[in-house]
Amino acid sequence: MFFIFTLFCFTENDSLTVKNEKNLDYIRVAYKEKNWVLFNKIRLQHLNSISSKNLSNTNALIFDFSAAYFRKVNKLDSAFYYYQKSFKIYNNKKDSLKAGRMLLNMAIIQKNVFNFKESETNSLRALDYLKNQKKDREKSSIYNNLGIIYYGLQDYKNAIKYHNKALIIRKKIKNDKLIISSLNNIANVYKEKKEYDRAIILYKKALGFKDVLKTKLKTKATLLDNYAHTLFLKKENTNLPKLFLKALQIRDSLNDIPGKIVSNMHLGVYYTSLGENKLALQFLNKAKKLAKSINYVKDEIEVMELLLPIYPKKQALKEAKLIIFKKDSIQKQERNIKESISRVKFESSEKEKENLELKAEKATQKLLTQRANTRNWLLLVGLAVVGLISFVLYRRYKAETKAKTTIANQKEVIENLQKELHHRIKNNLSVINTFIEVAKEEFTGENVADKLTEIQNRVYSINQIHKQLYKNKDVTQLKVKNYINILIKNVTNTYAKKNITFKNNIDNISLNPAISFPIGQIINEFLTNTFKYAFLDDKGTISITFKEEKENYLLKLTDNGKGLPANFNFKETTTFGFRIMQLLTQQINGIFTLESKNGVQLTINIPKK
């Protein structure tokens, strides 16, 4: 994704001094030549000499250059600050094109720090600013950004929708480079959805732009690596590792370090799957070293997690502790950047609000003075009374507004703390999952491996709650339908029985974690037991119903398998899975009913209060 940079020359009016024009020219040249010492010297001199009320196009451009510089040095909060200042000037001048561009740049920064909801808001605002402009390239960039946002939110339907909108425009303007980018982005979504055939078609289509890719080797390497990784996930290894190595060779020739990290990582995973641990270690250690060299902590953590199953048990445990520490560290950094950007936005809006209030107060005072000069003393007394009442009401309004703002700010702080808590729990559960994976390597017995897999699925169902709550704008509510579908996919992938189908009737409602957590665990236990024991020929149907009724929620789980033994009594059973389901039902004050007729039918009524 690129940042749109307003490198246009304007004919300024008489208020723009020759000195300011020269400053802009010097800044433009210094930026182009990457002479950052000169760039910052002139930039700071200019910014220190101008008034905050100076809303010239020259200032907007210098703010724009400042933002682009801070983005280059990865100071995203400062970049956001200057893009916002530039936006205000263009907005004040009713220049919707450049204002829209600045909003898009702000949205891209928010997306890059995973503030997806704020990024979505600014992207849609940018679209509104550009709706009457014939600027298809900019509109395609906004749609592309929205596609990436929804991909990050795991809303794959909307991700594909907006990437396709971008692709349609890019085909219309015949920009092959951007078409390739959109094809790659859509393919990435299909890959994440595990629709590998669709992804492969799109990667091949993008690779078909051979003339463009002759000069865009970095893009070519990305496409080759993504294509190879999709083939690996689909377990089609015929052209592997050849395609992985070809992508790595290009990235080596360009010294594309972020790309080399990904290539080495994928090769490490590939050789791990073949049991060739020596080669796997070679590529993964290279990826780790590269990530460390450019301070890509997230990539370093990902590589460390991939190394855990290969390491001896003691080293794996030691590395796992280090992973927890690094995850906490990077999370704090990300939170600080998010808060800094939010603070810039909040302080700016507060300042605007104060200025408007000050203008309103001055206007009111002027009006009162004019009236006072034209009316007699009785009217003055009346106005004084009205003024006093108005003042009292105004003070009360100000106090209430301040209290509401304080409450809103406190609510935001609490929500951020809750999100941080969910994020930390999610990270720690991921590490626990890694420990279990290490244990599965250590203990090779089939029964032990099965039990550990069941534990992993239980951990996964808990982890998904914290993962979704962390991503939600409302951290107190979980979308049940999406959560249940994720659990179904996880258990289905674990047991890989292709002839088992699902018939679901799930209301699209949100619940608090106190209810959704036990429901998720119950569904996970039922599905695990059904997949393992219900179907003699690995063929059958499972139905899941979750409905909101007037006084309660209804959860109904059924299968058409062989059913329970004739003498089975669930109240007296010592089976671990059934005991868990009963205990979890008691936890939410539910009524547990189990029947065995043409399979198994489990019904749980959960009171709303």
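That block above? That's the structure.
Residues numbered from 1 in each chain as written. Predicted model: local features only at pLDDT ≥ 70, side-chain atom pairs only at ≥ 80, totals over all residues. Heavy atoms only, no water.

> Help me understand helix H14 (residues 257-273), please; the structure alone is not making it clear to me.
In an α-helix, one turn spans 3.6 residues, which is why side chains three or four residues apart end up on the same side. In this model, H14 (17 residues) spans 24 Å end to end at C-alpha, consistent with the 24 Å of a helix rising 1.5 Å per residue. Among the residues of H14, those classed as buried are Gly 259, Lys 260, Ile 261, Ser 263, Asn 264, Met 265, His 266, Leu 267, Gly 268, Tyr 270 and Tyr 271. Residue Gly 275 follows H14 closely and has a positive phi angle near 80°. (Helix = DSSP H or I, 4+ residues; strand = E, 2+ residues; numbered from the N terminus. Expected span 1.5 Å × (residues − 1). Buried < 20%, exposed > 50% of the residue type's maximum accessible area, 1.4 Å probe, protein only.)

> What is the right way to look at unusual backbone geometry in this model?
Peptide bonds are trans in most cases, and residues, glycine excluded, mostly fall at negative phi. Cis peptide bonds are those with omega within 30 degrees of zero, and the linkage from Leu 240 to Pro 241 qualifies with 5°. Counting through the fold element by element, Pro 241 comes out in the loop between helix H12 (217-233) and helix H13 (242-254). We note that Gln 154 has phi near 65°; this positive angle belongs to a residue other than glycine. With respect to the helices and strands, Gln 154 occurs in the loop between helix H7 (136-152) and helix H8 (156-172). With relative accessibility at 26%, the residue Gln 154 sits in the partly exposed group. In this structure, Asn 295 is a non-glycine residue whose phi angle is positive, near 60°. With respect to the helices, strands and loops of the structure, Asn 295 is situated in the loop between helix H15 (277-293) and helix H16 (297-307).

> Got a minute to help me understand the packing of aromatic side chains in this structure?
How two aromatic rings sit relative to each other is given by the distance of their centres and the angle of their planes. Summed over the entire model, instances satisfying the criterion amount to 21 aromatic pairs. A centroid spacing of 5.8 Å and a plane angle of 0° characterise the contact between Phe 70 and Tyr 82, whose relative ring orientation is stacked. Of this pair, Phe 70 sits in helix H3 (residues 57-72) while Tyr 82 sits in helix H4 (residues 76-92), placing them twelve residues apart in sequence. Assigned by exposure class, Phe 70 and Tyr 82 land together as buried. Note on Tyr 271 and Phe 283: the rings are 5.7 Å apart at their centroids and 5° apart in plane angle, and the pair reads as stacked. One end of the pair, Tyr 271, is in helix H14; the other, Phe 283, is in helix H15, and twelve residues separate them in sequence. For the pair Tyr 271 and Phe 283, one class covers both residues: buried. Put simply, the rings of Tyr 31, Trp 36, Phe 39, Phe 63, Phe 65, Tyr 69, Phe 70, Tyr 81 and Tyr 82 touch in pairs and so form one group of aromatic residues. Between the NZ or CZ atom of Lys 608 and the centre of the ring of Tyr 553, over which it lies, the distance is 5.6 Å. (Phe/Tyr/Trp six-rings, centres within 6.5 Å; stacked < 30°, edge-to-face > 60°. Lys NZ or Arg CZ within 6 Å of the ring centre and 35° of its normal.)

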